[in-house]
Amino acid sequence: MMYDLKSKAIIITGGAGLLGSRIVKIILEHGGIPIIFDNNKIKINKLKKILKEKINLVHFYKVDITKKKQLKNVMNKIHKKFKKIDCLINNAGFNPKLGQKNNKFENFSIDQWNKEIQIGLTGSLIVTQEVVKKMIKQKNGNIINISSDLGIIAPSQFLYEDNEKKPISYSVVKHGIIGFSKYLSTYLAEYNIRSNTLCPGGISNYQPKKFVNKIKKLIPLKRMAKINDYDGIILYLCSDYSSYMTGSVIVCDGGRSVW
């Protein structure tokens with residue numbers, strides 16, 4: 001079966017987060033080898049407990065992908081252990097929580113800007129550079145970049161309180177990831193390395209009822225995403241079924257970006 005991910009070594013950055021954890025589960029269920037990069041020890045330990053029955057099939061690395069030396073050391077270990085890397089899923093990023101203060105554009109902190117760009121864009125650059133070195137030698141590889149519906153549309157700021165706006169950095173990172181992915185698709189094509197982007201809508205995760213009621217009005221399907229709504233797309237992108245797809249942007253947002 002082409003949806004069989006058997007023996008595929010797949011790196012997931014931000015692999016212990018909300019969407020990352022779900023991606024790990026899908027990879028496991030279809031025979032793949034999840035290699036988790038995350039710098040949050042609490043989230044890593046939580047995921048280890050959830051996956052305890054299959055813990056021997058999952059590989060965890062506590063690593064900050066913005067630290068090149070640290071990342072190089074981890075990549076050397078992975079190269080020795082797995083001899084190949086089939087797929088990289090660039091999922092790590094900074095997602096501001098609802099209610100976070102001081103996000104108004106005219107007062108937005110340069111330190112905060114630098115931090116979020118560093119995590120969302122520079123981190124993706126560094127980890128992809130290291131992974132691609134191996135993929136070029138293999139003459140084969142698959143890169144999946146996770147953006148957002150807010151990578152193709154602007155945030156609806158009326159959803160947020162006056163001093164709790166969606167920050168400018170989030171839009172820049174999510175739009176930037178799409179450009180990053182398209183660049184890779186042409187640059188790496190001669191090595192049989194593909195690069196595609198998934199733009200998911202917001203996932204329902206106990207947000208305040210007031211916010212949920214507002215955002216549902218912007219979505220034709222009248223709901224936020226369930227955590228399993230992206231399973232099929234992730235599986236498709238990881239599998240050989242998508243072998244002729246590169247440079248593409250898949251939007252799965254309940255129709256929000258249509259309006």
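The model shown is predicted, which means the values in this text are computed figures rather than measured ones.

Peer 1: I'd like a description of the environment of valine 74, backed by residues and values.
Peer 2: Relative to the elements of secondary structure, valine 74 occurs in helix H3 (residues 68-82). For valine 74 and phenylalanine 37, which are 37 residues apart along the polypeptide, the C-alpha to C-alpha distance reads 9.4 Å. Once you skip the residues sitting within four places of it in the chain, valine 74 turns out to touch Phe37, Tyr61 and Val63.

Peer 1: Give a detailed account of the nonpolar core, specifying residues and quantitative values.
Peer 2: Ile10, Ile89 and Cys238 are the most contacted members of the largest nonpolar core, which has 31 residues in total. Breaking this core down by element, the ones donating at least two residues are strand S1 (9-13), helix H1 (18-29), helix H2 (41-50), strand S4 (87-90), strand S5 (141-146) and helix H7 (231-238). Ranked by residues supplied to this core, first place goes to H1 with six residues. Once you skip the residues sitting within four places of it in the chain, isoleucine 10 turns out to touch Leu5, Ile27, Ile33, Pro34, Ile35, Cys87, Ile89 and Cys238. Within the second largest apolar cluster, 25 residues are counted, among which are Ile35, Tyr61, Ile78 and Val131.

Peer 1: Just give me the short version of the packing of aromatic side chains, but keep the residues and values in it.
Peer 2: If you walk through the whole model with that rule in mind, you get three aromatic pairs. Here the aromatic rings of phenylalanine 37 and tyrosine 61 are separated by 6.1 Å at their centres, their planes lie at 80°, and the arrangement is edge-to-face. Of this pair, phenylalanine 37 sits in strand S2 (residues 33-38) while tyrosine 61 sits in strand S3 (residues 59-62), and the two are 24 residues apart along the sequence. Judged by its relative accessible area of 1%, phenylalanine 37 falls in the buried class. With 5.8 Å between their ring centres and 15° between their planes, tyrosine 183 and tyrosine 187 make a pair best called stacked. Linking tyrosine 183 with tyrosine 187, this pair stays in helix H5 (residues 168-187), spanning four residues, or about one helical turn. Note that lysine 81 overlies the ring of phenylalanine 82, its terminal NZ or CZ placed 6.0 Å from the centroid. Cation over ring: lysine 166 sits above tyrosine 170, and NZ or CZ is 4.4 Å from the ring centre.

What counts, and at which threshold
Residues numbered from 1 in each chain as written. Predicted model: local features only at pLDDT ≥ 70, side-chain atom pairs only at ≥ 80, totals over all residues. Heavy atoms only, no water. Helix = DSSP H or I, 4+ residues; strand = E, 2+ residues; numbered from the N terminus. Contact = heavy atoms within 4.5 Å. Core = buried A, V, L, I, M, F, W, Y, C linked by side-chain atoms within 4.5 Å. Buried < 20%, exposed > 50% of the residue type's maximum accessible area, 1.4 Å probe, protein only. Phe/Tyr/Trp six-rings, centres within 6.5 Å; stacked < 30°, edge-to-face > 60°. Lys NZ or Arg CZ within 6 Å of the ring centre and 35° of its normal.

Don't take any of this as a statement about function, it's just geometry.
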